[in-house]
Amino acid sequence: MKKKNTKIPIIYEDSYIIVIDKPAGMLSVSTDKETQNTAYRTINDYVKSRHKANRIWIVHRLDRDTSGVMLFAKSERVKLALQDNWEEMAIGREYVAVVSGHVRPVERKITSWLKQTKTLLVYSSNREGDGKIAITNYKVRKCKGKYSLLDISLETGRKNQIRVHMKDIGHSIVGDKKYTNTNSTVNPFGRLGLHASALTVKHPASGEEMRFESAIPKSFMNFFYPSEGK
């Protein structure tokens, strides 16, 4: 059950980790232009409110406009244990995505090697070893109108991986202005169509597999399942 602080729902908390449901539009960490309204700052203030010596550490990030499950560590030791072994510790990373068009085939594994330009734009290479390998699995949940709702699971966690792979197959994430292959400005969802719906990790202390979930955003549900999303 979720507990609430002032801004961000807390999905789970113990002495080692804290898991939140990050809202869309909020930065994970500060930038030169934004230092206050970030997930890190908000949750760090929350733990400090109980004891001034408390603090949190970044383990992984979500893009500003991506919502959903995000995990912080409560000590540097735990942060290093998770971050240095993230591919082994994060044993399940699941997303839901709204993309343009009706996606075919309805189920697929996408593999490419990702590289980054000097302007920080990530792009795919199909040449083995030409960049960092990225593997994305998707399955179409529902198509409606000009859009598809996908269930996505990651085998790797590269920067902008899902957004790049969806562009690669000709079905960009709705609302993605950076990685797009459509000129459409219509966005009935009012946000980026990407949500981190579940994270399964090995607990850094007990080794227990723990699954944390976040509900599909209401704007997605209202569009694809209007009778259920109200």
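Each remark here, short or long, concerns the structure printed above.
Residues numbered from 1 in each chain as written. Predicted model: local features only at pLDDT ≥ 70, side-chain atom pairs only at ≥ 80, totals over all residues. Heavy atoms only, no water.

Things to note about the overall build of the chain
Stage number 1. Each helix and strand counted, the chain has 6 helices and 12 strands in total.
Stage number 2. For 230 residues, the compact-globule formula gives about 17 Å, and the C-alpha radius of gyration of the chain, at 18 Å, lands near that figure.
Stage number 3. Projected onto its principal axes, the C-alpha positions of the chain cover 50 × 45 × 40 Å.
Stage number 4. By the burial criterion, 48% of the 230 residues in the chain qualify as buried.
Stage number 5. Relative to all contacts within the chain whose residues are 6 or more apart in sequence, the contacts with residues 24 or more apart total 61%.
Stage number 6. Split by element, the accessible area of the chain, about 12,200 Å² in all, is 49% carbon and sulfur. (Helix = DSSP H or I, 4+ residues; strand = E, 2+ residues; numbered from the N terminus. Rg over C-alpha atoms; globule rule 2.2 N^0.38 Å. Buried < 20%, exposed > 50% of the residue type's maximum accessible area, 1.4 Å probe, protein only. Contact = heavy atoms within 4.5 Å. Areas by Shrake-Rupley, 256 points an atom, 1.4 Å probe, with all protein chains shown as cover.)

Section: the pattern of salt bridges
Should their charged atoms come close, side chains of opposite charge can pair.
Stage number 1. One pass over the structure, following the stated rule, counts 12 salt bridges.
Stage number 2. The partner of Arg93 in a salt bridge is Glu87, with the nearest N and O atoms 3.2 Å apart.
Stage number 3. The class for Arg93 is buried, based on a relative accessible area of 8%.
Stage number 4. By relative accessible area, Glu87 is classed as partly exposed at 36%. (Salt bridge = Lys/Arg side-chain N within 4 Å of Asp/Glu carboxyl O.)

Remarks on the environment of Ile110
Stage number 1. As for its placement among the helices and strands, Ile110 is situated in strand 7 (residues 107-116).
Stage number 2. Given a relative accessible area of 6%, Ile110 falls into the buried group.
Stage number 3. Taking the C-alpha atoms as reference points, Ile110 and Ser125, 15 residues apart in sequence, are found 12 Å from one another.
Stage number 4. Setting aside anything within four residues of it in sequence, one finds Ile110 in contact with Ala134, Ile135, Thr136, Tyr138, His165, Met166 and Ile169.

Comments concerning the nonpolar core
Stage number 1. Phe72, Tyr138, Ile152 and Met166 are the most contacted members of the largest nonpolar core, which totals 32 residues.
Stage number 2. Secondary-structure elements contributing two or more residues to this core are strand 3 (17-22), helix 1 (39-48), strand 5 (67-73), strand 6 (90-100), strand 9 (132-144), strand 10 (147-154), helix 4 (161-168) and strand 11 (194-202).
Stage number 3. Once you skip the residues sitting within four places of it in the chain, Tyr138 turns out to touch Val103, Arg104, Pro105, Val106, Glu107, Arg108, Ile110, Leu150, Asp151, Ile152, Met166 and Ile169.
Stage number 4. Residues Ile11, Val59, Leu71 and Trp86 belong to the second largest nonpolar core, which totals 17 residues. (Core = buried A, V, L, I, M, F, W, Y, C linked by side-chain atoms within 4.5 Å.)

Here we look at helix 2 (residues 76-83)
A turn of α-helix holds 3.6 residues, and therefore any two residues three or four places apart point the same way.
Stage number 1. For helix 2, the complete set of buried residues consists of Val78, Lys79 and Leu82. Buried positions in helix 2, seen along its axis, are confined to an arc of 105° and lie on one side of it.
Stage number 2. Summarising the contacts, the buried residues of helix 2 are in contact with strand 3, strand 4 (57-58), strand 5, helix 3 (86-89) and strand 11. (Arc of directions from axis to C-beta.)

That is the geometry; function is a separate question.
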